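Close look at the chain arrangement
Below, each chain spelled out in residue letters.
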Amino acid sequence: MLEAIGCGWFSKDETPAEATAPASVSTPGSPPAPTTQWRSRSFLLRGGSPVEIRFPADDSAAADEGAVIDAILVGLTAVLDTLSIDDPVPLTVYVHPDVRSQLRLTGKGGEGHADVTRKEIHVLHAEPPVVEAMASHEGTHVLAHHALGPPGTTLMDEGLAVWVADAYGGRSLSAWALDLAQTVDRRTLVGPGFEEAPESEAYPFAGLFVRAAVRTVGLAAVREHLVPATPETWDAALAAAGTSHAALVAAVAP
Ligand SMILES: [Zn+2]
């Protein structure tokens with residue numbers, strides 16, 4: 001089940017902007033690009049910040065398109081509410097009909113991804129609750145990056161996204177807390193060990209760690225101290241926030 005979810009749903013796109021061309025237009029004489037036209041729907045998030053939700057133009061509107069749009073807007077609004085973001089950047093959301101289409105158009109597999117630089121997220125057309133979680137997760141990567149500043153660790157980058165979505169791999173964070181595997185030293189997850197650890201351990205741990213941090217020191221201190229902290233400044237940042245790595249790891253434990 002977890003393997004079926006895959007990392008793409010949860011991975012941040014580090015690809016340079018020019019590597020993706022989701023809205024390219026074919027020119028006369030050239031072979032037709034994959035799906036190149038999009039239908040756009042425009043919405044406003046709180047504060048009047050625009051959100052463009054795009055569906056492939058050749059993908060006739062599904063019966064549940066309205067519900068999918070609602071789920072995206074609910075998921076993005078949850079990002080603003082949970083992280084206290086008042087002035088979000090404009091965002092573009094691409095809804096792909098399936099993994100193959102997303103891969104063909106963006107070079108990215110999985111069930112969604114975020115491109116922080118282009119201020120866009122890609123999700124799959126799925127059941128509305130799944131879309132809502134994807135929009136919250138991927139939307140956090142973009143909206144938090146621009147509102148809070150670049151995260152200093154993958155632990156905080158993914159942790160914020162998992163915490164805001166309150167889920168990973170279709171399970172709630174509270175469910176994960178009951179039986180979270182521990183095969184790696186939690187300390188290594190602050191650094192490059194995060195990418196080396198099993199995703200089904202690192203991602204829910206990150207979300208639970210952020211949840212514990214918010215409960216312990218409050219969201220404002222998490223935003224000010226923990227989000228920008230690098231592995232090198234980690235302990236000093238947690239001390240400045242009034243806690244410690246060990247204390248928060250202990251707070252994660254069921
Ligand atoms: Zn992610």
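Above this note sits the structure.
What you are looking at is a predicted structure, and each value in this text was computed from that prediction instead of being measured. (Residues numbered from 1 in each chain as written. Predicted model: local features only at pLDDT ≥ 70, side-chain atom pairs only at ≥ 80, totals over all residues.)

Looking now at the overall build of the protein. A count of helices and strands for the protein gives 11 helices and 8 strands. Counting only contacts in the protein whose residues sit at least 6 apart along the sequence, the fraction spanning at least 24 positions is 69%. (Helix = DSSP H or I, 4+ residues; strand = E, 2+ residues; numbered from the N terminus. Contact = placed C-beta atoms within 7 Å.)

Among the structural elements, Ala-221 can be located in helix α9 (residues 219-226). Judged by the 19 C-beta atoms lying within 10 Å of it, Ala-221 falls in the partly exposed class. Each C-alpha atom of the pair Ala-221 and Leu-238 lies 9.1 Å from the other, and the pair is 17 residues apart in sequence. Ignoring sequence-local partners within four residues, the contact set of Ala-221 consists of Ala-241 and Gly-242. (Buried ≥ 20, exposed ≤ 12 C-beta atoms within 10 Å, placed from the backbone.)

Among the residues making up helix α3 (residues 99-106), those that are buried are Gln-102, Leu-105 and Thr-106. Buried residues of α3, seen end-on, are gathered within an arc of 75° and therefore sit on one face of the element. Contacts made by the buried residues of α3 are with β4 (91-96) and β6 (120-124). One or two positions beyond α3, positive phi appears at Gly-107, with a value near 80°. (Arc of directions from axis to C-beta.)

Among the nonpolar cores identified, the biggest contains 65 residues, and Val-93, Ala-135, Phe-209 and Leu-226 are the most heavily contacted of them. The dominant element in this core, judged by the number of residues it contributes, is helix α8 (residues 199-217), at 10 residues. Residue-level mapping places this core at the junction of two domains, with at least three residues from each of domain 1 (34-148) and domain 2 (150-254). Beyond its immediate sequence surroundings of up to four residues, Phe-209 is in contact with Leu-155, Gly-159, Leu-248 and Val-252. (Core = buried A, V, L, I, M, F, W, Y, C linked by C-beta atoms within 7 Å. Domains from an automatic or database assignment.)

What follows concerns the pairing of strand β5 (residues 112-115). Alternating residues of β5 divide into Gly-112 and Ala-114 and His-113 and Asp-115, and every residue in both groups is buried. In the sheet, β5 pairs with β6 via 4 bridges, with the strands oriented antiparallel. When the bridges of β6 are listed, His-113 appears paired with His-122. Connecting the antiparallel pair β5 and β6 is a turn made up of 4 residues, with Lys-119 showing a positive phi of about 55°. (Pairing = 2+ DSSP bridges.)

Before going further, it helps to spend a moment on the packing of α8 against helix α11 (residues 245-252). To characterise two packed helices, one gives the angle between the axes of the helices and the distance between these axes. α11 packs onto α8 with a crossing angle of 110° between their chain directions and a minimal axis gap of 8 Å. In terms of axis orientation, α8 runs roughly perpendicular to α11. As for the relative orientation of α8 and α11, their crossing is right-handed in sense. Of α11, the residues touching α8 (which contributes Phe-205, Leu-208, Phe-209, Ala-212, Ala-213 and Thr-216) are Ala-247, Leu-248, Ala-251 and Val-252. Tallied by class, residues from the contact of α8 with α11 come to 9 nonpolar, 1 polar and no charged. (Axes fitted to C-alpha atoms, helices over the stretch in contact; angles between N-to-C directions. Parallel < 35°, antiparallel > 145°, perpendicular 65-115°, else oblique. Left-handed = near helix turned anticlockwise from the far one by under 90°. Nonpolar A, V, L, I, M, F, W, Y, C, P; charged D, E, K, R; others polar.)

Counting buried residues in β6 gives 5 out of 5 residues, a clear majority hidden from the surface. Burial along β6 is two-sided: the residues Glu-120, His-122 and Leu-124 and Ile-121 and Val-123 are all buried. Where β4 lies against β6, 5 bridges are found, and the strand directions are parallel. Its bridge partner being in β6, Thr-92 is matched across the sheet by Glu-120.

Our focus in this paragraph is the environment of Phe-205. Relative to the helices and strands, Phe-205 resides in helix α8. Once the C-alpha coordinates of Phe-205 and Leu-180 are considered, the two residues, 25 residues apart in sequence, prove to be 7.4 Å apart. Once you skip the residues sitting within four places of it in the chain, Phe-205 turns out to touch Leu-180, Arg-186, Leu-189 and Val-252.

Over its 19 residues, α8 runs 26 Å from end to end, which matches the ideal 27 Å to within 8%, given 1.5 Å per residue. Of all 19 residues in α8, 15 are buried, a share of seventy percent or more. (Expected span 1.5 Å × (residues − 1).)

Positive phi outside glycine occurs at Ser-84, with the angle close to 55°. By secondary structure assignment, the location of Ser-84 is in the loop between α2 (65-83) and β4. The class of Ser-84 is exposed, set by 11 C-beta atoms lying within 10 Å. The phi torsion at Asp-166 lies on the positive side, around 55°, for a residue other than glycine. Among the secondary structure elements, Asp-166 is positioned in the loop between α5 (154-165) and β7 (167-168).

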